[in-house]
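# Examination of the molecular architecture
If you want the building blocks of each chain, they are given just below.
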Amino acid sequence: MAHYLVIVESPAKVKTIKKFLGSSYTVAASNGHVRDLPKSQLGVDPENDFEPKYITIRGKGDILANLRKEAKKADKVFLATDPDREGEAISWHLAAALKLDEKKMRRITFNEITKNAIKASLKAPREIDMDLVDAQQARRVLDRMVGYRISPLLWAKVKRGLSAGRVQSVALRIIADREAQIDAFIPEEYWTLDAVFKVKGERRPLTAKFYGTEKNKMEIHSKEELDQIKQAVEATDYRIADIKKGERIRKAPLPFTTSTLQQEAAKVLNFGTQKTMRIAQQLYEGVDIKGNGTVGVITYLRTDSTRISEEADAAARAYIAETYGSDYVAAGSSEKKTEKKIQDAHEAIRPSDITRTPAVLKDSLTRDQFRLYQLIWKRFAASRMQPARFETTSVKIAAGDYLFTVATSRVAFEGFRTVYTEADEEKEESNVLVNGLSMDSVLTKEALEEKQHFTQPPAHYTEATLVKTLEELGIGRPSTYAPTISTILARRYITKEGKNLYMTEIGEVVNNIMKQSFPSIVDVNFTANMEGLLDMVEEGKVAWKEVIRNFYPDLDEAVKIAEKELESVKIEDEVTDVICEECGRNMVIKYGPHGKFLACPGFPECRNTKPYLEKIGVPCPLCGGEVVIRKTKKGRKYYGCENHPDCDFMSWQKPSEKKCPDCGGYMVEKGNKLVCADEKCGYVENMKKEE
């Protein structure tokens with residue numbers, strides 16, 4: 001009887017797939033990649049048309065020996081690695097490492113690990129897609145060139161253990177640029193004015209917001225403007241000028257892609273991107289379900305498609321009709337037409353069987369698995385449902401030349417919202433009273449409520465908003481978002497406090513060197529164009545080595561120039577006047593993983609180190625001591641007093657020696673301006689350029 005070998009990537013899948021195939025199949029795992037470029041050298045030969053040199057990954061020898069043994073016994077070998085670039089490349093490397101005979105080797109792919117999907121894939125085997133493999137080779141070689149040519153420069157210039165990367169350096173720059181915007185942001189004052197009315201015949205008061213005049217919406221910029229408006233509306237009658245009823249529709253959301261899943265899981269569940277991917281991988285590879293054994297409960301997790309297979313679509317519609325009623329089933333298909341290249345024939349991320357509701361699986365999943373599965377299940381079910389409909393009422397109230405407005409909405413039909421509401425969906429205002437208003441309602445003003453506000457700077461990036469930005473700019477692909485963010489966090493170029501990402505001192509140094517010496521590598525458009533070229537390799541329109549041939553000479557030249565320039569800037573250890581209390585030498589400034597610190601030059605005999613508090617030459621506004629640069633526990637920079645903890649002065653912005661001419665308080669630097677630290681004072685002046 002014929003015997004078949006199926007090779008998958010991860011051991012977790014082996015158990016799941018074995019169950020679906022009969023005794024004539026052996027299922028084995030390669031544990032990810034088996035060959036790669038060597039760690040000890042560039043591994044790409046520019047002299048020999050950039051031929052990559054692949055070697056067996058350390059520790060994979062036994063796995064390969066075992067697979068060879070199984071392959072010899074088998075009549076046919078099915079390579080069933082993941083259905084994307086990376087998976088295609090692993091199949092190609094396996095074929096080479098196992099010296100598989102082309103006649104008995106076939107490639108199969110499936111989007112979900114279910115009996116039907118596995119059986120269907122075995123009926124439609126194919127050859128290895130070399131366009132996909134070449135796109136992966138091009139990406140791998142580009143990443144290796146950037147990493148291995150630039151990182152040694154950072155070691156020489158700053159410290160060992162730093163790294164540059166084709167995608168990570170751009171992500172770092174995006175965060176740095178946002179930090180610079182926040183630092184330079186100057187808040188502007190504005191005011192709001194609400195009118196509270198008593199409506200004849202109603203017990204509850206009605207609150208309306210100031211709008212402006214009939215023709216223009218007005219912003220109130222100052223107390224003076226506010227007082228003028230108040231004076232005008234105090235002395236006038238109030239009447240209802242217009243009541244408009246309408247309907248608003250909120251469309252059902254699209255099912256998840258990798259990026260939208262990472263964003264939503266961050267907002268709703270507070271998961272980091274890495275955690276989301278780890279748990280989604282477990283749900284995809286298979287979980288033990290009581291009475292069913294190991295089952296893959298979601299489809300493949302690395303995708304930028306919102307497409308759904310016809311079978312899954314029909315099953316979802318049938319389930320919704322039966323559970324919620326046919327009124328709730330979406331009309332037609334709600335596909336998003338996209339211009340962008342979608343990773344092969346992938347589907348969106350969805351449950352492999354919609355009848356497996358979160359409640360059914362609750363006892364079989366860990367808490368985190370359950371929460372992520374529930375999010376994916378609800379989002380998919382919602383994507384196949386009718387839009388939500390709201391009845392809206394907007395009322396204009398005239399006060400002389402000015403208008404106040406009230407707007408409310410009431411849910412007329414829940415639609416998809418019966419199963420799912422998005423994390424950032426605005427709260428529906430329920431000013432129930434409005435429905436009882438007519439053009440003849442009599443209003444009596446009870447009070448005018450004024451409030452001062454200040455405009456807010458752009459928000460710091462979170463993992464979710466960074467993923468969204470990388471996707472919008474076309475940088476990286478679904479599989480790269482999580483590792484990119486993890487790398488810059490692990491290198492301590494950025495730090496995470498709460499959900500926000502902040503630059504560290506070491507991150508600023510690395511970003512500045514990259515911007516200065518390798519502007520194209522950290523250029524957003526350049527990196528996005530490179531992704532576009534890799535997609536063209538995948539489509540078979542561009543030869544992969546062509547991409548490398550065009551890229552390498554410029555990189556090589558930039559590295560050589562940077563090496564020359566950096567040689568002239570030999571970094572000597574900066575000697576300070578701090579004396580080492582253990583051996584009496586003057587201590588020097590060194591760079592560590594968290595930034596600068598003081599170390600004894602007598603190392604290794606004397607191993608004394610101390611925190612380095614860099615003075616900025618400005619007296620503390622509270623106690624007159626020196627202001628120094630300090631860091632939070634996570635490595636975020638701020639300005640504090642050297643006499644801490646006795647003095648609790650702290651500022652995120654750099655304080656200036658100059659006092660505010662208006663209020664006498666201290667001023668801080670924001671971009672190229674000096675601004676009073678007291679928002680209410682609001683004094684701003686241009687900084688003098690230093691000669």
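Our focus in this paragraph is the pairing of strand 17 (residues 494-497). Direction of pairing for strand 17 relative to strand 18 (residues 500-503): antiparallel, over a ladder of 4 bridges. Residue pairing in the sheet places T495 in a bridge with Y502 of strand 18. Linking two consecutive strands that pair antiparallel, namely strand 17 and strand 18, is a turn of 2 residues; a positive phi of about 65 degrees is found at G498 within it.

On to unusual backbone geometry, then. Here the bond from F603 into P604 is cis, since omega is 10 degrees, no more than 30 degrees from zero. Assignment of secondary structure puts P604 in the loop between strand 21 (595-599) and strand 22 (609-611). Note the cis peptide between H644 and P645, where omega equals 10 degrees. Position of P645 among the secondary structure elements: in the loop between strand 25 (637-641) and strand 26 (650-651).

Two numbers describe a pair of aromatic rings. These are the distance of the centres and the angle of the planes. A complete count under the given rule lists 15 aromatic pairs for this structure. Considering the side-chain rings of Y324 and Y328, the 6.3 Å spacing of their centres and the 50 degrees angle between planes classify their relative orientation as tilted. Geometry around Y461 places R178 over its ring, the cationic atom sitting 4.2 Å from the centre. A cation sits over an aromatic face here: K223 above W191, 5.6 Å from the ring centre.

So, about the pairing of strand 27 (residues 655-659). By the bridge criterion, 2 bridges tie strand 27 to strand 28 (residues 666-670) in an arrangement that is antiparallel. Residue pairing for strand 28: K659 is matched across the bridge by Y666. The hairpin formed by strand 27 and strand 28 contains 6 residues between the paired strands, and G664 there has a positive phi angle of roughly 80 degrees.

Glancing now at the environment of R126. Positionally, R126 belongs in the loop between helix 4 (115-123) and helix 5 (130-157). Take R126: its relative accessible area is 28%, and that puts it in the partly exposed class. Taking the C-alpha atoms as reference, R126 lies 5.2 Å from R107; in sequence the two are 19 residues apart. Beyond its immediate sequence surroundings of up to four residues, R126 is in contact with E88, R106, R107 and T109. Of the polar contacts made by the side chain of R126, one reaches the side chain of E88; its length is 2.9 Å.

Before going further, it helps to spend a moment on the sheet that holds strand 7 (residues 76-79). Read across the sheet, 4 strands follow the order 2-1-7-8 without closing on themselves; strand pairing throughout is parallel. Each of the sheet's edge strands pairs with one partner strand only, and the pair in question is strand 2 (25-29) and strand 8 (105-107). Across this sheet, the average inter-strand angle for adjacent strands is 20 degrees, counted without regard to direction. Two strands pair when backbone bridges link them, and strand 7 and strand 8 are joined in this way by 3 bridges, in the parallel orientation.

Rules of the game
- Residues numbered from 1 in each chain as written.
- Predicted model: local features only at pLDDT ≥ 70, side-chain atom pairs only at ≥ 80, totals over all residues.
- Heavy atoms only, no water.
- Pairing = 2+ DSSP bridges.
- Helix = DSSP H or I, 4+ residues; strand = E, 2+ residues; numbered from the N terminus.
- Phe/Tyr/Trp six-rings, centres within 6.5 Å; stacked < 30°, edge-to-face > 60°.
- Lys NZ or Arg CZ within 6 Å of the ring centre and 35° of its normal.
- Buried < 20%, exposed > 50% of the residue type's maximum accessible area, 1.4 Å probe, protein only.
- Contact = heavy atoms within 4.5 Å.
- Polar contact = N/O pair within 3.5 Å; in protein donor to acceptor, adjacent residues only side chain to side chain.
- Axes fitted to C-alpha atoms, helices over the stretch in contact; angles between N-to-C directions.

Nothing here speaks to function; it is all geometry.
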